[in-house]
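Close look at the chain arrangement
The primary structure of each chain is shown beneath.
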Amino acid sequence: RSASFYHSVYLPTKFAADYRINTIAAKVREKEILRDEGLKLMSEPLYIEKNLVNYFIKRLKLSKIQYKDIMEQKKRYYNLFWKMQRDKNVHHLL
């Protein structure tokens, strides 16, 4: 269920990333579906399993307000943390 949450809720909500395009594009390239069918599939809303978000809120022991705050926070990327660690180490040497 964590992969489902990650791909159908977290990435699309937090980063506007829809990874269905990888699978659909591969099917179009391999001529399993037509391009128009692929575009139609991409235009459909993501399927989110019923109660998936509530399951994760409960599993992570968050309130609905805490979850909402986390999901609405400014985007942060991995390289930010690397830079923070690098800067911390540089300041330690000074």
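Structural notes on the nonpolar core
Phe5, Val9, Leu52, Phe56, Ile57, Tyr67 and Met71 together form the largest nonpolar core, which totals 7 residues. Of all the elements, helix 4 (residues 52–59) adds the most residues to this core, at 3 residues. Not counting residues up to four positions away in its chain, the partners in contact with Phe5 are Tyr10, Leu52, Phe56 and Tyr67.

Some remarks on the side chain of Ser8
Among the secondary structure elements, Ser8 is positioned in helix 1 (residues 2–15). A distance of 2.5 Å separates the side chain of Ser8 from the backbone oxygen of Ser4, its partner in a polar contact. Residues contacting Ser8, with those up to four places away along its chain left out, are Leu46, Tyr47, Ile48 and Leu52.

What about the confidence of the model for the protein?
Taken over all residues, the pLDDT of the protein has a mean of 86, while the share at 70 or more is 88%. The weakest mean pLDDT in the protein belongs to helix 6 (residues 78–93) at 64; the strongest belongs to helix 3 (residues 35–43) at 96.

Parameters at a glance
- Every chain begins its residue count from 1, and numbering advances along the sequence as written.
- Reporting in this predicted model follows two pLDDT cut-offs: at least 70 for local features of residues, and 80 or more for side-chain atom pairs to be given and counted; totals over whole chains, interfaces and linings ignore these cut-offs and use all residues.
- Excluded from the side-chain calculation are hydrogens and water; included are all heavy atoms of the structure.
- Residues belong to a common nonpolar core when they are buried Ala, Val, Leu, Ile, Met, Phe, Trp, Tyr or Cys residues joined through side-chain atoms within 4.5 Å.
- Only protein chains enter the accessibility calculation, which uses a 1.4 Å probe; a residue whose area is less than 20% of its type maximum is buried, one above 50% is exposed, and one in between is partly exposed.
- We count a stretch as a helix when DSSP gives it H or I for four or more residues in a row; a strand needs E for two or more, and each element gets its number in order from the N terminus.
- The criterion used for residue contact is that any of the two residues' heavy atoms lie within 4.5 Å.
- We define a polar contact as two N or O atoms separated by no more than 3.5 Å, with the added condition that, inside protein, one atom must be a possible hydrogen donor and the other a possible acceptor, whereas residues neighbouring each other in sequence contribute only through side-chain atom pairs.
- Scored from 0 to 100, pLDDT reflects the predictor's confidence in each residue.

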